[in-house]
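For reference, the chains in residue letters:
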Amino acid sequence: MAEKIPTREEAYDLLKKYNKNESLIRHALAVEAVMLHFAELFNEEDKEKWGIIGLVHDLDYEMYPEEHCKKTREILIKENWPEDYIRAIESHGWKICSNVEPLETMEKVLYAIDELTGLITATVLMRPSKSILDLKVKSLKKKWKSKGFAAGVNREVIAEGAEMLGMDLNKVMEETIKGMQKVADEIGLKGNVEV
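Attention here is on the structure that accompanies the text. Since we're looking at a predicted model, the values are computed, not measured.

Moving on: the packing of helix 2 (residues 22-41) against helix 6 (residues 105-126). At a minimum axis separation of 10 Å, helix 2 and helix 6 run at an interaxial angle of 135 degrees. When the axis of helix 2 is compared with that of helix 6, the two are oblique. In the crossing of helix 2 with helix 6, the sense of the turn from one axis to the other is right-handed. Here helix 2 contributes His27, Val31, Val34, Met35 and Phe38 to the contact with helix 6, which in turn contributes Met106, Val109, Leu110, Ile113, Asp114 and Thr117. Split into classes, the residues belonging to the contact of helix 2 with helix 6 amount to 8 nonpolar, 2 polar and 1 charged.

This is how it looks when you write it as structure tokens:
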């Protein structure tokens, strides 16, 4: 059977089929938004592809945490997804649960921002406003330096991803925040800031 280019709707339906946990779905939506933001930033032609890959990057995580990234390949092959989509998704787990190195710009972005969206979410939830709309890089950097804060976030991966992209870490943080701000409501991070 020939590979088919998945639509955003098909990707979202697949995400919901394998994930029931609201925070995992919000994480997927956050990563999708940031991927779309970076695709725009880098003037990419196929922005939807970037978004779809961000949306389903953790497809297997809820049901198969021990086989994270590996199970996604099986699922997406059955769904006839293109190999480059599958490879990009696998590469976000490089050195953690996958040996697929991020090579394309899109893969490097996903690698850099996946963990970062988690750190940003944790930071926002500690703020009095509970809002990403008033979050500045300076506040995020304070939390970044505090190793005990969101200890599960792999800061080395984020830093390495920024380096792979040839971007300053502060710039990656700033753009990731901007991407997440676009979907503040959907990801539960609008808080009590009036826009």
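There is more to say after this.
On to the pattern of salt bridges, then. Scanning the entire structure with this criterion turns up 13 salt bridges. Across the salt bridge formed by Glu107 and Arg87, the nearest N and O atoms sit 2.8 Å from each other. With Glu107 in helix 6 and Arg87 in helix 5 (residues 83-91), the pair connects residues that are 20 residues apart, well separated along the chain. Residue class for Arg87 comes out partly exposed when judged on its relative accessible area of 24%. The structure contains a network of salt bridges with shared partners spanning Lys171, Glu174, Glu175 and Lys178.

This part covers the nonpolar core. Judged by nonpolar contacts, the single largest core of 56 residues is most densely connected at Trp81, Ile113, Ile120 and Ile132. Discounting chain neighbours no more than four positions away, the residues touching Trp81 are Glu3, Lys4, Pro6, Ala11, Leu14, Ile52, Val56, Leu76, Ile86 and Ile89.

A few words on the environment of Tyr85. Within the secondary structure, Tyr85 sits in helix 5. Between the C-alpha atom of Tyr85 and that of Lys141, which follows or precedes it by 56 residues, the distance is 32 Å. Once residues lying within four places of it in the same chain are set aside, the contact partners of Tyr85 are Ile5, Pro6, Asp46, Lys49, Ile52 and Ile53.

According to the stated counting rule, one finds 1 cavity of 30 Å³ or more in the structure shown. Volume-wise, the largest cavity comes out at about 40 Å³. Looking at the largest cavity, the residues that line it are Leu15, Asn19, Leu24, Ala28, Asp58 and Leu59. The residue makeup of the lining of the largest cavity, split by class, is 4 nonpolar, 1 polar and 1 charged.

Conventions we followed
- Residues numbered from 1 in each chain as written.
- Predicted model: local features only at pLDDT ≥ 70, side-chain atom pairs only at ≥ 80, totals over all residues.
- Heavy atoms only, no water.
- Axes fitted to C-alpha atoms, helices over the stretch in contact; angles between N-to-C directions.
- Helix = DSSP H or I, 4+ residues; strand = E, 2+ residues; numbered from the N terminus.
- Parallel < 35°, antiparallel > 145°, perpendicular 65-115°, else oblique.
- Left-handed = near helix turned anticlockwise from the far one by under 90°.
- Contact = heavy atoms within 4.5 Å.
- Nonpolar A, V, L, I, M, F, W, Y, C, P; charged D, E, K, R; others polar.
- Salt bridge = Lys/Arg side-chain N within 4 Å of Asp/Glu carboxyl O.
- Buried < 20%, exposed > 50% of the residue type's maximum accessible area, 1.4 Å probe, protein only.
- Core = buried A, V, L, I, M, F, W, Y, C linked by side-chain atoms within 4.5 Å.
- 1 Å grid on protein atoms, 1.4 Å probe; cavity = no way out; pocket = protein on both sides within 12 Å on 5 of 7 lines; lining within 4 Å.
- Points joined across faces, edges and corners; volume = space filled by probe spheres on them.

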